[in-house]
Every structure is written in structure tokens, then in C-alpha cells.
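Tertiary structure, described
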Amino acid sequence: MSQESSQRPHRVAVIVDEGTNPFEVGVATELFGLPRPELGLSEPLYEVTLCAPAPEIRMNHGFFTLTGVRGLDTVAEADTLIVPGRPDNVVPRGPDVLDAIRLAHARGARVVSFCTGTFALAEAGLLDGRRAATHWRWADSFRRLHPRVLLEPDVLFVDEGDLLTAAGSAAALDLGLYIWRHDHGVEIANHVSRRLVFAAHRDGGQRQFVERPVPQVRDESLAPLLAWAQERLGETLSVADLAARARVSPATLHRRFRAQLGTTPLAWLTGERVALACRLIERGEERLDVVASRSGLGTATNLRARLRQVTGLSPSAYRRRFGSGGGEALVS
């Protein structure tokens, strides 16, 4: 979606309830509320409004009181509603907050929760029979309170289309960048991630808890290997090649990827190649076989399958939505 095709900024409302975690409010405003001159756009792509059920709201542990925000009637204007988490999840949300969430969803707004904000969506009745994520620490209590929700206990975030749920505070950043990619494509999302100095893409299916053992002898960080591989995505690069470059066995490499990234070498490599294919399409490459070759996905058939798996779009549909060269179809 280009700024030229948008009639106005996408309106984002953030509900700040009693005891809300201030970090997650900050994540929402950092992601969607700041000016982004690095994008070179004359108008912002998002417009953020904080809203609350009362004129004064005490934040988590009473660190400070938030004042001067708008009332919950703001939710009626939102295209996306974000519900941050709070630690007292067994205490029901107020009926006014739950009604605002229900009304936003009923009129077609995208509803997003960060961390334990998933409890509020479940209390509002939006998640029955739907998949959702929440912080691992509260997974058991969530299941007891909301047994009809299909909780994914060990993922970063879940996209159910109209309902998106992030597992924790840092996973809120992952989900926010995922929303940027969904709305505006990989290229713009990468600009935002660089501004945040944050990983551009961690798949929602990655594990919440990632072990990072302190190396006993030498630095075993994967960063040099990842940088080396990212420069060679178009080559015939396999997991065995990655292991050889790292001078370890494939089994050891697999363990390090699981420990440091929460994913497998093959899944990481495929994700990087799909992201490169998206960038090539966004920059105007019209030949499907060229995109497939340069991204390392090999064939147009594999490119179509992988792109649809990750984005839900065919290459031509992705180009129409995010491409810089108009709506022409990609050619094989």
C-alpha cells in the first residue's frame, strides 16, 4: 500500500487500562506514532491515539499516572485497535473496555493484543475457537479462564486475520514489524526495523523462550554466519554449506540455531530468501524466474508456493499491492 493510494493515515487506537504495562504502550507509539522522515513521505502512514476509560490511569505498579488521553469513544474511529497487557490478568476488565473492544471488532477494525492483552480479547469473547498467543508465564491461567481459545503456548505471535496476538513485550515489536510488512511491504518495514535497531523479521512461529548459553571457550554467535549467508542467498546454499562455513556439524548448527534464534537453519534460510524475493518484486523486477533465481528459491513454482505461504499472496498480487512499478503481472 503506497502513501499516494491512501486517503488518510491508518488510524490506530491504543487502549490504556488501569495497570497497563507502559513498555507495551511505548512499543505501540514507537512503532506507529512517530514521524518517519527516513521513508521520504510527505504524510504519515499511521496516526496513533491513546484512549482510556478514565481521565487518569495508573500504570503498572503505580510508576506514574497517565493523563490527557482521549476517552474510549476514540475506538469508534480506529482502523486498528491495540490492547497492551497488564499483570493482574485474573481481575476482569471493566465492561466499558470490553464493550469498546467488541464494538471495534464488530465494525471491522483490526484488533491487536500485546502480551497479556490477549486476556482482554478473550474476555470480550473474540477468541473462542480462534488461535491466540500470550506470555508463557500466564499460559496455564489463560487456559483455565478461557478453555475455548486455541492457545498457541510457545510462539511469538499469531495472525488470525482480524485478530493478532503477541506473546510478550518484545514479541510486540515482532508483531508490529509484521504489521508494517503486511501493510506496506518488506522494504518499508526494513527501514522501520533499522530505525528501531531491531531484527527485521522473526517469524511468528518461533519459540518464545530462546536459550542463550554463555560460550565456555569461544564466541559462538551466529551473527557472522548469518551476515555471510545473507550476501549469498542467490547461490546454491544449503544447511550443509552453512555448517561447513561455521566449521561445525549440521547437528551442532541446528542446536545453535534453536538456542540462539528459536528456529532451524533451513527455516531461517527460506525466510531470508522469501524476504529477498519480496524486496526484488517491490523494486520492480517483473520476471518471475529472475526473482526466483536471485533470491535462491530456484523455480517460479517454488517462489509462488513460498511467497503465498509467508504473505498469503501470489507474486502478481504482491506486486500489485507493494510494487513500485504499478499493477502489471509478473511474467515467468
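Our subject is the structure listed above.
Below you will find a few notes about this structure. Starting afresh in each chain, residues are numbered from 1 along the sequence in its written order. Local features in a predicted model are, by the rule used here, given only for residues with pLDDT of at least 70; side-chain atom pairs are given and counted only at 80 or more, and totals for whole chains, interfaces and linings are based on all residues. Based on all heavy atoms of the structure, the side-chain values leave hydrogens and waters out of the count.

**Focus on helix H1 (residues 22–32)**
Those residues of H1 that fall on the buried side of the exposure criterion are Glu24, Val25, Val27, Ala28, Leu31 and Phe32. The arc that holds every buried residue of H1, seen down its axis, measures 155°, which confines them to one face. The elements touched by buried residues of H1 are strand S1 (10–15), strand S2 (46–51), strand S5 (80–83), helix H5 (169–184) and helix H6 (186–196). Any pair of N or O atoms that falls within 3.5 Å is considered a polar contact. Within protein, one atom must be able to donate a hydrogen and the other to accept it, and sequence-neighbouring residues count only if both atoms are side-chain atoms. Counting from the N terminus, the helices are DSSP H or I runs at least four residues long and the strands are E runs at least two residues long. Taking the backbone nitrogen of Phe23 as reference, a side-chain oxygen 3.0 Å away marks Asn21 as the first, capping residue of H1. Burial classes: relative accessible area under 20% of the type maximum marks a residue as buried, over 50% as exposed, and values in between as partly exposed (1.4 Å probe, protein chains only). When we speak of the arc, we mean the arc of directions from the helix axis to the C-beta atoms. Between two residues, a contact is recorded if the distance between any of their heavy atoms is within 4.5 Å.

**Notes on the sheet that holds S5**
Sheets are built from strands that pair by backbone hydrogen bonding, the pairs being arranged parallel or antiparallel. A strand pair is defined by DSSP finding two or more bridges across the two strands. Within the open sheet, the six strands sit side by side as S2-S1-S5-S6-S10-S9. Their pairing is mixed. The two strands at the open ends of the sheet, each matched to only one other strand, are S2 and strand S9 (157–159). Ignoring strand direction, the axes of neighbouring strands in this sheet form an average angle of 15°. Of the strand pairs in this sheet, S9 and strand S10 (residues 163–166) are connected by three bridges, and their pairing is antiparallel. Bridging from a neighbouring strand, Val158 pairs with Thr165 of S10. With axes taken as lines fitted to C-alpha atoms, and helix axes fitted only over the stretch in contact, angles between N-to-C directions fall between 0 and 180 degrees. Seen against the sheet, H1 touches S1, S2 and S5 and runs at an angle of roughly 155° to S2. Packing of helix H2 (residues 95–106) onto the sheet brings it into contact with S1, S5, strand S6 (110–113) and S10, and relative to S5 it is tilted by some 150°.

**A word on the pairing of S6**
Where burial is concerned, the two faces of S6 agree: the one with Arg110 and Val112 and the one with Val111 and Ser113 are both buried. One ladder, built from four bridges, connects S5 with S6; its direction is parallel. By the bridge assignment, Ile82 is partnered in S6 with Val112. Place the viewer so that the strands point away; then a crossover is right-handed whenever the path from the first strand over the helix to the second strand goes clockwise. Crossover handedness for the path S5 to H2 to S6: right-handed. Sheet topology note: the S6/S10 ladder contains three bridges and is parallel. Each bridged residue has a counterpart across the sheet, and for Ser113 the counterpart in S10 is Thr165.

**Things to note about the nonpolar core**
Among buried residues, those of type Ala, Val, Leu, Ile, Met, Phe, Trp, Tyr and Cys that are joined through side-chain atoms within 4.5 Å constitute a nonpolar core. Residues Leu225, Leu242, Leu253, Phe257, Leu303 and Tyr318 are the most contacted members of the largest nonpolar core, which totals 32 residues. Only helix H7 (223–230), helix H8 (239–246), helix H9 (250–261), helix H10 (265–282), helix H11 (288–295), helix H12 (300–311) and helix H13 (315–322) provide two or more residues apiece to this core. Look past the residues within four positions of Leu253 in its chain and what remains in contact with it is Leu222, Leu225, Val239, Leu242, Ala243, Ala246, Val248 and Pro265. One finds Phe114, Val158, Ala167 and Ala189 within the second-largest nonpolar core, a separate group that totals 31 residues.

**A word on the environment of Phe32**
Structurally, Phe32 can be placed in helix H1. A C-alpha to C-alpha distance of 9.8 Å links Phe32 and Leu177, two positions 145 residues apart in sequence. Here Phe32 is in contact with Val12, Tyr46, Glu47, Val48, Ile82, Gly176, Ile179 and Trp180, once residues within four sequence places are set aside.

**A look at the packing of aromatic side chains**
Within 6.5 Å between ring centres, the rings of Phe, Tyr and Trp (the latter by its six-membered ring) count as paired, and their orientation is classed by plane angle as stacked under 30 degrees, edge-to-face over 60, tilted in between. This structure, assessed with the given rule, holds seven aromatic pairs. Taking 4.9 Å as the distance between ring centres and 65° as the angle between the ring planes, the aromatic pair formed by Phe32 and Tyr46 counts as edge-to-face. With Phe32 in helix H1 and Tyr46 in strand S2, this residue pair connects regions lying 14 residues apart in the sequence. An identical accessibility class is assigned to Phe32 and Tyr46; each is buried. Aromatic pair Phe157 and Tyr178: ring centres 5.0 Å apart, planes at 50°, arrangement tilted.

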